[in-house]
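Chain by chain, the residues run as shown.
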Amino acid sequence: MISLRIISVVLLLLTPALLFAGTVTVLPMLPKAGATVTIEYRPGPADASLVASGQVHAVLYGFTVDAESPKATEVTLTNKSGTWVGSTTLDPQIVYTIVKVGNGLAYDTNKEMYWEFLTATERGTPVRGAHMRAAFSRYGQLPAPCRMKEDFADAVAELDKETRAYPNNTVARVNYIIVMKNTGEMDEAEAQAKMREITTSVIQSQSPMEAIALAQAYESQGRQDEAQRVMADAASRFPKSIVAEQIALGQLSSAPTIDAFVSRVSEHLKAWPESFTRQNLIDAVI
């Protein structure tokens, strides 16, 4: 059976857990796609050592709708009367961003809650996928340098906002059902009924993420053949996507010898050089 997941854990070096207490303001609060944003950091009483060197920067982790991991951007901050200020222009594809501030050795992560902002439409409302990515960040499975505290109650709230604003967002709908069920806010019968609604109404996935979500919906109903069909179809239409990689990962375990396994891993990493499983595969080979 193919192992499916929306968000994958990336094994990176952990940032030291320090309890700084500054504040970050992002202007504008709901920037539009591709806009220039200004980051203002006001250190708290406990932050003297963080800013003492004068080499302070913000790190913005920007999420697109479909990317497995965020893109990090460093923004140099300049001291202006005790407030550290810097600006950057957002990638137009970014829908959600989280922020931390530091000096390269230590960071203020708002006690692992970070600071966040959503990208807005021309009407000033969050773009499709913004609330969904905010929910995913609360699963506790982001890469270590930007791993937010696990908060499933907040994740449910964000997914509720996403599905209300964009009721045809299949990925958000499936995740909403899964999280509601796992937190005990939805019973099995209701969850199954809602999953059947999705698999009845969505004929073919429109993206790799949607394919994974649709396959999860089928799997939750015990319809493994349909889940496999959805994944295979998506892999053929999106040959270098996470869907194709997950199928390829499933084939690694069938290597008949250690040498064959090492060879397959090598080929896999050539095909997916930025694979979220890269470190795990290297560790397995070692």
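Above: the structure in question.
None of these values were measured; they are calculated from a predicted model.

Considerations on the nonpolar core
It is characteristic of soluble globular proteins that their nonpolar side chains tend to be buried jointly.
Here is step 1 of the chain: Counting residues in each nonpolar core, the largest one holds 38 residues, and the members touching the most others are Phe 136, Leu 159 and Val 243.
Here is step 2 of the chain: For this core, the secondary-structure elements that each account for two or more residues are α2 (130-137), α3 (152-165), α4 (170-182), α5 (188-201), α6 (208-220), α7 (224-237) and α8 (242-252).
Here is step 3 of the chain: The element contributing the most residues to this core is α6, with eight residues.
Here is step 4 of the chain: Val 26, Ile 39, Ala 58 and Leu 60 belong to the second largest nonpolar core, which has 19 residues in total.

Focus: the pattern of salt bridges
Here is step 1 of the chain: Under the definition given, this model contains eight salt bridges.
Here is step 2 of the chain: Across the pair Arg 138 and Asp 154 runs a salt bridge whose closest N-O atoms are separated by 3.2 Å. Of this pair, Arg 138 sits in the loop between α2 and α3 while Asp 154 sits in helix α3, and the two are 16 residues apart along the sequence.
Here is step 3 of the chain: Exposure remark for Arg 138: the relative accessible area of 6% places this residue in the buried category.
Here is step 4 of the chain: The exposure class assigned to Asp 154 is partly exposed, which follows from its relative accessible area of 33%.
Here is step 5 of the chain: The salt bridge partner of Lys 270 is Glu 267, with a shortest N-O separation of 3.8 Å.

Some thoughts on the packing of α4 against α5
Here is step 1 of the chain: Axis separation between α4 and α5 bottoms out at 10 Å; the angle between their running directions is 170°. In terms of axis orientation, α4 runs roughly antiparallel to α5. Residues Thr 170, Arg 173, Val 174, Ile 177, Ile 178 and Lys 181 of α4 form the contact with α5, whose own contacting residues are Glu 188, Ala 191, Lys 194, Met 195, Ile 198 and Ser 201.
Here is step 2 of the chain: A class-by-class count of the residues in the contact of α4 with α5 yields six nonpolar, two polar and four charged.

Reading the values: rules and limits
Residues numbered from 1 in each chain as written. Predicted model: local features only at pLDDT ≥ 70, side-chain atom pairs only at ≥ 80, totals over all residues. Heavy atoms only, no water. Core = buried A, V, L, I, M, F, W, Y, C linked by side-chain atoms within 4.5 Å. Buried < 20%, exposed > 50% of the residue type's maximum accessible area, 1.4 Å probe, protein only. Helix = DSSP H or I, 4+ residues; strand = E, 2+ residues; numbered from the N terminus. Salt bridge = Lys/Arg side-chain N within 4 Å of Asp/Glu carboxyl O. Axes fitted to C-alpha atoms, helices over the stretch in contact; angles between N-to-C directions. Parallel < 35°, antiparallel > 145°, perpendicular 65-115°, else oblique. Contact = heavy atoms within 4.5 Å. Nonpolar A, V, L, I, M, F, W, Y, C, P; charged D, E, K, R; others polar.

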